[in-house]
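Here's the letter readout for the chains.
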Amino acid sequence: MRSPRPSGPTRPLRLASFGAAALALTASACMAASAEEIGEVSTVFKFIGPNHKIVVDAYDDPAVNGVTCYVSRARTGGIKGGLGLAEDKSEASIACRAVGPISFPKPLPKQEEVFSERSSLVFKRLRVVRMVDAKRNTLVYLTYSDRVIEGSPQNSVTAVPVDRATVIPVK
């Protein structure tokens, strides 16, 4: 025999607990892909809310020691931007550099998404993908923006050559 469905205050408490757990999980996932902001410049003054800006963020490649990617992108200001409701433009630029000795804790897939960050409330993401050019012993990084409905062809690419003495391990 099935137990009766909870009613009264216990059901809303369970839903609230589920919502809090989902929020915590989402926040921890976002923190894993978070960037270190290096700087910003204002491009348009707004009387109400923050200015439109170009921001530069640094992302350390989590699978390659000694490589950092610098991504510049537009951040929409104004009231919507201040509330996190604005959709940022799709343009971005990337430059990845060896900032120390390059090493590989484990083999890399031939292609892998390294970073992903929300650039609108729900539908749009800025992505960075790492590709291994084994023939040239080079790591290639591509940044682009996508949407649920339609992606953007706007993109930027950079490459980090690895010393021939250090072979890139590929899965």
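Computed from a prediction, not measured in an experiment: that's the story for all the values here. (Residues numbered from 1 in each chain as written. Predicted model: local features only at pLDDT ≥ 70, side-chain atom pairs only at ≥ 80, totals over all residues. Heavy atoms only, no water.)

A. Expanded view of the overall build of the protein chain. Secondary structure summary: the protein chain contains two helices and eight strands in total. Of the regular secondary structure in the protein chain, the N- to C-terminal order runs α-β-β-β-α-β-β-β-β-β. Per-residue burial for the protein chain yields a buried fraction of 32% across its 171 residues. Sequence-distant contacts in the protein chain: of pairs separated by 6 or more residues, those separated by 24 or more amount to 48%. Summed over all atoms, the accessible surface of the protein chain reaches about 11,000 Å², with 60% contributed by carbon and sulfur. (Helix = DSSP H or I, 4+ residues; strand = E, 2+ residues; numbered from the N terminus. Buried < 20%, exposed > 50% of the residue type's maximum accessible area, 1.4 Å probe, protein only. Contact = heavy atoms within 4.5 Å. Areas by Shrake-Rupley, 256 points an atom, 1.4 Å probe, with all protein chains shown as cover.)

B. Broad picture of the nonpolar core. Val64, Val67, Phe104, Leu108, Leu139 and Tyr141 are the most contacted members of the largest nonpolar core, which totals 22 residues. Those elements that place two or more of their residues in this core are strand S3 (65–75), strand S4 (92–103), strand S5 (111–118), strand S6 (124–133) and strand S7 (138–147). With four residues, S4 is the largest single contributor of residues to this core. Once you skip the residues sitting within four places of it in the chain, leucine 139 turns out to touch Val64, Val67, Phe104, Leu108, Arg130, Met131, Val132, Thr158, Ala159, Val160, Val162 and Ile168. (Core = buried A, V, L, I, M, F, W, Y, C linked by side-chain atoms within 4.5 Å.)

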